[in-house]
Amino acid sequence: MTLLHPRHRSALVFIACLALFTIGVTLAAQFGLVSTSFVKTLGKTLCLCLAALAMDLLWGYAGILSLGHMAFFALGGYMIGMWLMYARTEEIVVAALANGGLPATPEEVLQGIATQIFGVVGASDLPAIWSFAHSLPLQLALVVAVPGVLALVFGWLAFRSRVTGVYLSILTQAMTLALALYLFQNDSGLRGNNGLSGLQNLPGVTAGQDAVSLWFFWASAAALVVAYLGLHAIVSGKFGSVIRAIRDDEARVRFLGYSVEGYKLFVFTLTAVICALAGALYYPQAGIINPAELAPIASIYLAVWVAIGGRGRLYGAVIGAALVSLLSSWFTGGRVPSIPLGFGTLHWVDWWLVLLGLTFVCVTLFAPKGIGGLFDRFAGVHSPDRKGAALGPDQGALMEQEAKQ
Amino acid sequence: MSALLEVSGVTVSFDGFRAINNLTFAIGAAELRAIIGPNGAGKSTFMDIVTGKTRPDSGSVTFGEKSVSLLKLSEAQIARAGIGRKFQRPTVFEDQTVRENLTLALKAARSPWAVLVWRKSAADEARIVTLAEQVGLGDRLEQKAGILSHGQKQWLEIAMLLAQEPKLLLVDEPAAGMTLAEREKTTELLVDIAKTRAVVVVEHDMDFVRRLNCKVTVLHEGAVLAEGSLDHVTKNQTVIDVYLGRG
């Protein structure tokens, strides 16, 4: 199996493009051609691409339409945010207490941190879930463990009852909504609707935001490359073959002796962990996280990105996520000129969602392969002519237009 | 001779309708058996029970030398224990190549972790090529299964079953939709397979059953009506009344 095998060409092209993009942005930032906030926007976009990559493995390859994976993304953000906020507050508290002349006792420092962080919700004690917040390694472990265990338990309950299709989608929506409502409460221990803030300030780092934004941009690009290569290896091997078979006809896979539930659980949990890692890179760049990030709509966006990019191909998910989220921040940023229509004015801030919705409907109806399908057209790859028959009996099965001959 | 599969006293009702009624059935380790019967006789339900898709209300199903009960196992576990099933409609993975289809079926560890680190050995590749050639798909390994003809899909599915190396093969109407030449080839293949393992064929087509030249079990209303050679059962007056007599 050589790297130049046609099967691996898309991965090589993808990595070359991403490398060029990273170098280009870095140079542009060095020469002051792009603002720090724009570098952050690009870094955040790469994290969203990473989440979309996970979504594509889950939905495009395994046929599980989860509409709750942004919950894992946000949980990853919360977990890293706890350490960032704790360590940063600790620095401030220690500095403030040192002004008093006497060195502060650990109890005083702890009390100071708790009051600083939780004063806003009228509490002055650190909740038990903050027990590990003082330690970066422990909190990093929680970035993986908390969303991972949640996905494992949720997935186990759902898959063993053979919940599939739209019912699973609804369950995952309910999960993310329930989590959001829980986190909105002040006594959930994560500052209620205030969320965690000031996450862009790295403790112990004196470099300016212009440097930090580039570090995170590089880290996000590196994470995207590693995940892309890993997932590419998974989907082009026998494992990929099994999950595509599950997507198209899971009953048949069972009779081959594969535990369909085990595979679904594996993929569900793996993608949840990837989303969590993406979130842990995203929120330090965003600077703030609150329960609104777990709103059901966020996870629906994730599915929309993958659909517009073209599900069942990894680069499609990345293209879809990058394009739609960048366009979204452009349109909603108020920088797009409004269009006077005589009887009224078309403000893009208000109409962007309508445009996105229409695009989604059009892609679903007329170009089910999404943007990724354009590459097929250039490569001369056609869909099979099956007179409308899908490639398997299951709900998530590949549609005729999505397949390659 | 001890039986490979033993079904005894099995009863299944769907909403009060007894699809299987106190059914008893046994097959040896290297035996070919045809099951015939009118529509609704319980042929498909019988297969569903053996493969774990349907749980019986009462009775026992045991399999293998150690007589393991199949009633507590999941479909996937039963398949791993060595029971392969071929459905009536050809069910291959249409978006995957013939090679991928065969690789999926090839006997190997089935857990996600094992599959993740699985690498195809030279022996695996040789086995895939041999199987494909055996069913006349040797030059179509890189083609998607979806573009194969109906008969070729049936063949691919049979090759996949062989790749699984089951001890017992359940085959549901293999001749459906096949041309005469294909039927003859199928007959030869099934007879050949049954030399080393147990094969149960459910079939409507009496000519096809005659060609198989094996013991026949006639099902009616969820129970065994008659058993023996085809000539023996076709002379049975009850069989003629309930099945053959309908033309």
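Residues numbered from 1 in each chain as written. Chains lettered and ligands numbered in written order. Predicted model: local features only at pLDDT ≥ 70, side-chain atom pairs only at ≥ 80, totals over all residues. Heavy atoms only, no water.

Outline the sheet that holds strand β5 (residues 68-69) of chain B, supporting the account with residue identities and numerical values.
All names here are of chain B. As summarised here, the arrangement of the 4 strands in space is β2-β1-β4-β5, forming an open sheet in which the pairing is antiparallel. Each end of this open sheet is capped by a strand with a single partner; those strands are β2 (17-27) and β5. Here 2 bridges tie strand β4 (residues 58-63) to β5, and the two strands are oriented antiparallel to one another. Across the sheet, Thr62 pairs through a bridge with Ser69, a residue of β5. (Pairing = 2+ DSSP bridges. Helix = DSSP H or I, 4+ residues; strand = E, 2+ residues; numbered from the N terminus.)

Describe empty space enclosed by the protein, and please don't skip the residues or the numbers.
For the structure on display, the rule yields 1 cavity of 30 Å³ or more. Taken as a whole, the largest cavity spans an internal volume of roughly 50 Å³. Around the largest cavity, the lining residues are A:Pro384, A:Arg386, A:Leu391, A:Lys404, A:Gln405, B:Glu94, B:Lys144, B:Gly146 and B:Ile147. Looking at the lining of the largest cavity residue by residue, the classes come out as 3 nonpolar, 2 polar and 4 charged. (1 Å grid on protein atoms, 1.4 Å probe; cavity = no way out; pocket = protein on both sides within 12 Å on 5 of 7 lines; lining within 4 Å. Points joined across faces, edges and corners; volume = space filled by probe spheres on them. Nonpolar A, V, L, I, M, F, W, Y, C, P; charged D, E, K, R; others polar.)

Summarise the packing of aromatic side chains; cite the residues concerned and give the values.
Any two aromatic rings considered together are summarised by their centre-to-centre distance and by the angle between their planes. Residues and elements named next belong to chain A. One pass over the full model with this rule turns up 19 aromatic pairs over all chains. Summarising the aromatic geometry, the rings of Phe73 and Tyr283 are spaced 5.6 Å apart at their centres and angled 65 degrees between planes, so their arrangement reads as edge-to-face. Here Phe73 is found in helix α3 (residues 69-98), whereas its partner Tyr283 is found in helix α10 (residues 260-286), with 210 residues between them in sequence. For Phe73, a relative accessible area of 1% corresponds to the buried category. Note on Tyr283: relative accessible area 1%, which makes it buried. (Phe/Tyr/Trp six-rings, centres within 6.5 Å; stacked < 30°, edge-to-face > 60°. Buried < 20%, exposed > 50% of the residue type's maximum accessible area, 1.4 Å probe, protein only.)

Run through the environment of A:Leu152, naming residues and quoting values.
Residues and elements named next belong to chain A. Mapped onto the secondary structure, Leu152 falls in helix α5 (residues 136-160). Each C-alpha atom of the pair Leu152 and Phe266 lies 8.2 Å from the other, and the pair is 114 residues apart in sequence. When neighbours within four sequence positions are excluded, Leu152 is seen to be in contact with Leu265 and Thr269. (Contact = heavy atoms within 4.5 Å.)

An account of the interface of chain B and chain A is needed here, citing residue identities and associated values.
On the chain A side, the residues contacting the 32 residues of chain B number 29 residues. Carbon and sulfur atoms supply 60% of the area that chain B and chain A bury against each other, a total of about 2,800 Å² over both sides. Looking only at chain B, the three residues that lose the most surface to chain A are B:Phe93, B:Asp95 and B:Leu104, adding up to 21% of its buried area. At the junction of chain B with chain A, the criterion picks out 4 salt bridges. For the pair chain B and chain A, the interface holds 12 residue pairs in polar contact (both at pLDDT 80 or more). Elements supplying a minimum of two residues to the side of chain B that touches chain A: α2 (75-81), α3 (98-105), α4 (112-116) and α6 (150-164) of chain B. The class makeup of the residues in the side of chain B that touches chain A is 14 nonpolar, 7 polar and 11 charged. (Buried area = accessible area lost by both parts, 1.4 Å probe. Salt bridge = Lys/Arg side-chain N within 4 Å of Asp/Glu carboxyl O. Polar contact = N/O pair within 3.5 Å; in protein donor to acceptor, adjacent residues only side chain to side chain.)

Tell me what's going on with the nonpolar core, and back it up with residues and numbers.
With 167 residues, the main nonpolar core has A:Leu53, A:Phe73, A:Trp130, B:Leu102, B:Leu156 and B:Val199 as its most contacted residues. Discounting chain neighbours no more than four positions away, the residues touching A:Leu53 are A:Leu224, A:Ala227, A:Tyr228, A:Leu231, A:Leu314, A:Ala317 and A:Val318. Counting residues in each nonpolar core, the second largest holds 27 residues, with B:Val12, B:Phe46, B:Val61 and B:Val200 among its members. (Core = buried A, V, L, I, M, F, W, Y, C linked by side-chain atoms within 4.5 Å.)

Quick rundown of the packing of helix α7 (residues 209-235) of chain A against helix α12 (residues 314-332) of chain A? Include the residues and the values.
All names here are of chain A. Where α7 contacts α12, the axes come no closer than 10 Å and their chain directions differ by 145 degrees. For the pair α7 and α12, contact is made by Tyr228, Leu231, His232 and Val235 and by Leu314, Tyr315 and Val318, respectively. For the contact of α7 with α12, a count of residues per class yields 6 nonpolar, 1 polar and no charged. (Axes fitted to C-alpha atoms, helices over the stretch in contact; angles between N-to-C directions.)

Describe the side chain of A:Asp249, naming the residues involved and giving the relevant values.
One can find A:Asp249 in the loop between α8 (238-248) and α9 (250-255). Although A:Asp249 lies buried, it forms no salt bridge, and the closest oppositely charged side chain, B:Arg89, sits 4.4 Å away as judged by the N-O distance. In contact with A:Asp249, not counting residues within four places along its chain, are A:Pro393, A:Asp394, B:Arg89, B:Thr91 and B:Phe93. (Lys, Arg positive; Asp, Glu negative; His and termini not counted.)

Describe the packing of helix α2 (residues 36-61) of chain A against α12(A), listing the residues and the values that go with them.
All names here are of chain A. Packing of α2 against α12 brings their axes to within 8 Å, and their N-to-C directions diverge by 135 degrees. Between α2 and α12, the crossing angle belongs to the class labelled oblique. In terms of crossing hand, the pair formed by α2 and α12 is right-handed. Across the interface between the two elements, Thr41, Leu42, Thr45, Leu48, Cys49, Ala52, Leu53, Asp56 and Tyr61 from α2 touch Leu314, Ala317, Val318, Ala321, Ala322, Ser325, Leu326 and Ser329 from α12. Within the contact of α2 with α12, the residues separate by chemical class into 12 nonpolar, 4 polar and 1 charged. (Parallel < 35°, antiparallel > 145°, perpendicular 65-115°, else oblique. Left-handed = near helix turned anticlockwise from the far one by under 90°.)

Residue-level account of the pairing of strand β10 (residues 223-228) of chain B, with values.
Residues and elements named next belong to chain B. Pairing between strand β9 (residues 215-220) and β10: 5 bridges, direction antiparallel. Of the residues in β10, the one forming a bridge with Val218 is Ala226. Counting the residues in the hairpin turn of β9 and β10 gives 2 residues, including Glu221, whose phi is positive at 50 degrees.

Give me the lowdown on the environment of A:Thr164, citing residues and values where you can.
Residues and elements named next belong to chain A. Mapped onto the secondary structure, Thr164 falls in the loop between α5 and α6 (165-184). When the C-alpha atoms of Thr164 and Leu365 are compared, they prove to be 23 Å apart, with 201 residues separating the residues in sequence. Residues in contact with Thr164, not counting those within four places in the same chain, are Glu250 and Lys264.

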